Amino acid sequence: MPHICLFFQVNQPRRLRRYTVFDIGRNHDYGNDELDTEILHKVSEKCYLPANQLLLELLHRYQGAFRVSFSLTGTLISQLESKRPEVLDSFQKLSETGYVEWLNETYDHSLASLYSSGEFREQVLRHREKIKTLFEQDAVTFCNTEMIYHNDIAQTVGDMGYQVILTEGADRVLAGRSPRIGWRALPCPDLTVLLRDYRLSDDISFRLSARDWREYPLTAKQYARWLSRRYDGAEVINLFMDYETFGEHQWEETGIFEFLRELPEEIFKHRDLDFRTPAQIIPDPSSSSLLDVRDPISWADSERDLTAWTGNDMQKDALRSLYQLEDQVKRAGDERMLRTWRMLQTSDHFYYMCTKWFADGDVHTYFNPWESPYDAYISFMNILEDFDRTLPK
């Protein structure tokens, strides 16, 4: 019987203001609070509140037969705490049902796993404490920023005591093998690796409202049939997506909420399907295999690699310059400076500098508040220059 594993990533970054060379040395306020507030209110009304209310109804209705899992970034949590606490309350109500698993990640949704193992661990531990405080769960499942994964990250996550890690079912890693089994990490076989079924996940995230898609319009009934008939022999089907899919990326008018409302009922019409959270997936030792990933993978773009954040010289320069400041920032012992440095680590800042404008361009444009990646880079580097000048030498 294949288990359906639903995971939702929930993130809102702290965006940066336009910062010119004339601001350096004069203005140490880097955030674009006005834009953050505008977007947070919009997404709260279009996605978080209606989707949480719908999930709450479904979780109560099915009493444990229907389950979901979430990861909320620390950058979102801090904004909800200060500006929309009722939205955070609505997530806590989901947790109170007992049918939601909460995952850990880097608190600042950063790329620290690629640049500083020590900083990576500190951010994960900070997120672990925050999630435990908010939802009274000790997370056993980890999902790195943007599902970035390779063997060294798996080793670190396993050493930190996590039992499960999520990542992308990238074709070049699978080489024809199935993402629909429970894998084990090569460097630490006790760590279960669940691979995103990107085709089925993207059917909901991207194609559900695409009128030129041959399967349009996709209904929950048809989708449940696919899961039951097409994947006989599967152990688990991992549907991982941004939570903002519901109401923000796919507007209410597309029927996305009706799809979600009907999905459990349609799934339960098939006796060979049920719902599980990541921690409930126990790989069959006779079928699970070791996953060997030497080059990083992620869930971004068609390449499913790091090029969305590190693909051009601007991104590499910004990241190198930022992480070069680590020792200086931490020696300063100033909590305010540390918070600022970590705010600058959020992966979205480097995503905005991406210059890939082909098949993935529409996605990058949709999420980018800047007029061009060059504007994003110039402002970031001006901010970093000012921040560097404030650090004790």
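So, a few notes on the structure that sits alongside this text. All values reported here derive from a predicted model rather than from experimental measurement.

The calculated volume of the second largest pocket comes to roughly 470 Å³. Secondary-structure elements contributing two or more residues to the lining of the second largest pocket are α2 (74–83), α14 (335–343) and α17 (373–390). At six residues, α14 tops the list of elements feeding residues into the lining of the second largest pocket. Here the lining of the second largest pocket is built from residues that sort into five nonpolar, seven polar and seven charged.

Under the defined criterion, the tally for this structure stands at two cavities of 30 Å³ or more. Estimated volume of the largest cavity: approximately 40 Å³. Around the largest cavity, the lining residues are Leu16, His349, Tyr352, Trp370, Ala376 and Phe380. Space inside the second largest cavity adds up to approximately 30 Å³. In terms of lining, the second largest cavity is formed by Leu6, Phe8, Ile204, Met241, Phe246, Phe259, Leu260 and Leu263. Elements that contribute at least two residues to the lining of the second largest cavity include exactly β1 (3–10) and α10 (256–268). Ranked by residue count, the leading element in the lining of the second largest cavity is α10, at three residues. Taken together, the residues of the lining of the second largest cavity sort by class into eight nonpolar, no polar and no charged.

Turning to the pairing of strand β5 (residues 164–168), a few remarks are in order. The buried fraction of β5 is high, at five of five residues. Here strand β4 (residues 141–143) runs beside β5; their pairing, made up of three bridges, is parallel. Residue pairing for β5: Thr141 is matched across the bridge by Val164. Alignment of β5 against strand β7 (residues 188–196), held across five bridges, turns out to be parallel. Residue Ile165 lies in a different strand from β7, and its bridge partner there is Val193.

Basis of the calculations
Residues numbered from 1 in each chain as written. Predicted model: local features only at pLDDT ≥ 70, side-chain atom pairs only at ≥ 80, totals over all residues. Heavy atoms only, no water. 1 Å grid on protein atoms, 1.4 Å probe; cavity = no way out; pocket = protein on both sides within 12 Å on 5 of 7 lines; lining within 4 Å. Points joined across faces, edges and corners; volume = space filled by probe spheres on them. Helix = DSSP H or I, 4+ residues; strand = E, 2+ residues; numbered from the N terminus. Nonpolar A, V, L, I, M, F, W, Y, C, P; charged D, E, K, R; others polar. Buried < 20%, exposed > 50% of the residue type's maximum accessible area, 1.4 Å probe, protein only. Pairing = 2+ DSSP bridges.

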